[in-house]
Amino acid sequence: QVQLVESGGGLVQPGGSLRLSCAASGGTFSSYGMGWFRQAPGKEREFAAAIKWSGGNTYYADSVKGRFTISRDNARNTVYLQMNSLKPEDTAVYYCAAYPATYGRTWYWGHWNEYTYWGQGTQVTVSS
């Protein structure tokens, strides 16, 4: 059983930056693909970014590409989401999620139902 705890959310002005962190415990962190999803009020949960277990491959939604950067530190069991040039439409609850890597299986990193474990979420509000 993997526990995920997000932190780093808050209120920021348009154009500002935030860095989210997600600390994992209870599993072998380096064997999990990690993703960040977000959900705005009244909207469906949507994919933001993902990173492979080794950290060698990263994936982004078009809406955040060039502004957000996902990274991981397997020694610290932590995944990060650096968010720059934030816009009001980035306002949402941000969730991190873990996908247990399975040999020979393709990981559909953009699909929320691929992920087994989820954090409780952290609120990000972009407003002046």
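Residues numbered from 1 in each chain as written. Predicted model: local features only at pLDDT ≥ 70, side-chain atom pairs only at ≥ 80, totals over all residues. Heavy atoms only, no water.

Novice: Help me get a handle on the environment of serine 127, residues and values and all.
Specialist: Summarising the element assignment, serine 127 is placed in the segment after strand E11 (122-126). The partly exposed category is assigned to serine 127, whose relative accessible area is 37%. Measuring from C-alpha to C-alpha, the distance between serine 127 and glycine 15 comes to 9.7 Å, with 112 residues separating the pair along the chain. Apart from the residues within four sequence positions on either side, serine 127 is in contact with Leu11, Val12, Gln13 and Pro14. (Helix = DSSP H or I, 4+ residues; strand = E, 2+ residues; numbered from the N terminus. Buried < 20%, exposed > 50% of the residue type's maximum accessible area, 1.4 Å probe, protein only. Contact = heavy atoms within 4.5 Å.)

Novice: Explain the state of the cysteines to me, using residue names and the numbers behind them.
Specialist: A complete count under the given rule lists one disulfide for this structure. Put simply, cysteine 22 and cysteine 96 are joined by a disulfide, and their sulfur atoms are 1.9 Å apart. On the sign convention where negative means left-handed, the S-S torsion of about 40° between cysteine 22 and cysteine 96 marks this disulfide as right-handed. Of this pair, cysteine 22 sits in strand E3 (residues 18-25) while cysteine 96 sits in strand E9 (residues 92-100), and the two are 74 residues apart along the sequence. (Disulfide = S-S within 2.5 Å.)

Novice: Account for the pattern of salt bridges, naming residues and giving values.
Specialist: The final tally for this structure, using the stated rule, is six salt bridges. Close ionic contact of aspartate 62 with lysine 65 constitutes a salt bridge, the shortest N to O distance being 3.3 Å. Salt-bridge contacts for arginine 67 lead to aspartate 90; the nearest nitrogen and oxygen are separated by 2.7 Å. Linking arginine 67 in the loop between strand E6 (58-60) and strand E7 (68-73) with aspartate 90 in the loop between strand E8 (78-83) and E9, this pair joins segments that are 23 residues apart in sequence. Aspartate 90 matches arginine 67 in its accessibility class, with the two residues each being buried. (Salt bridge = Lys/Arg side-chain N within 4 Å of Asp/Glu carboxyl O.)

Novice: Could you give me a rundown of empty space enclosed by the protein, with the residues and numbers involved?
Specialist: Tallied over the full model, the rule gives one cavity of 30 Å³ or more. One number sums up the size of the largest cavity: a volume of about 40 Å³. In this structure, the largest cavity is lined by Val2, Leu4, Ala24, Ser25, Gly27, Thr28, Phe29, Tyr32 and Met34. Among the secondary structure elements, those contributing two or more residues to the lining of the largest cavity are E3 and strand E4 (32-39). Here the residues of the lining of the largest cavity sort into six nonpolar, three polar and no charged. (1 Å grid on protein atoms, 1.4 Å probe; cavity = no way out; pocket = protein on both sides within 12 Å on 5 of 7 lines; lining within 4 Å. Points joined across faces, edges and corners; volume = space filled by probe spheres on them. Nonpolar A, V, L, I, M, F, W, Y, C, P; charged D, E, K, R; others polar.)

Novice: Go over the packing of aromatic side chains, please, and point to the residues and values.
Specialist: Here the structure, examined in full by the defined rule, presents 13 aromatic pairs. Centroid distance tyrosine 59 to tryptophan 107: 6.2 Å. Interplanar angle 90°. Geometry classified as edge-to-face. Here the residue tyrosine 59 occupies a position in strand E6, and tryptophan 107 occupies one in the loop between E9 and strand E10 (117-118), the gap between them amounting to 48 residues. Among the aromatic side chains, those forming a connected cluster through ring pairs are Phe37, Phe47, Trp53, Tyr59, Tyr95, Tyr99, Trp107, Trp109, Tyr115 and Trp118. Here the basic side chain of arginine 45 rests over the ring of tryptophan 118, its NZ or CZ set 4.7 Å away from the ring centre. Seen from the ring of phenylalanine 29, arginine 72 lies directly overhead, with NZ or CZ sitting 4.4 Å from the centre. (Phe/Tyr/Trp six-rings, centres within 6.5 Å; stacked < 30°, edge-to-face > 60°. Lys NZ or Arg CZ within 6 Å of the ring centre and 35° of its normal.)

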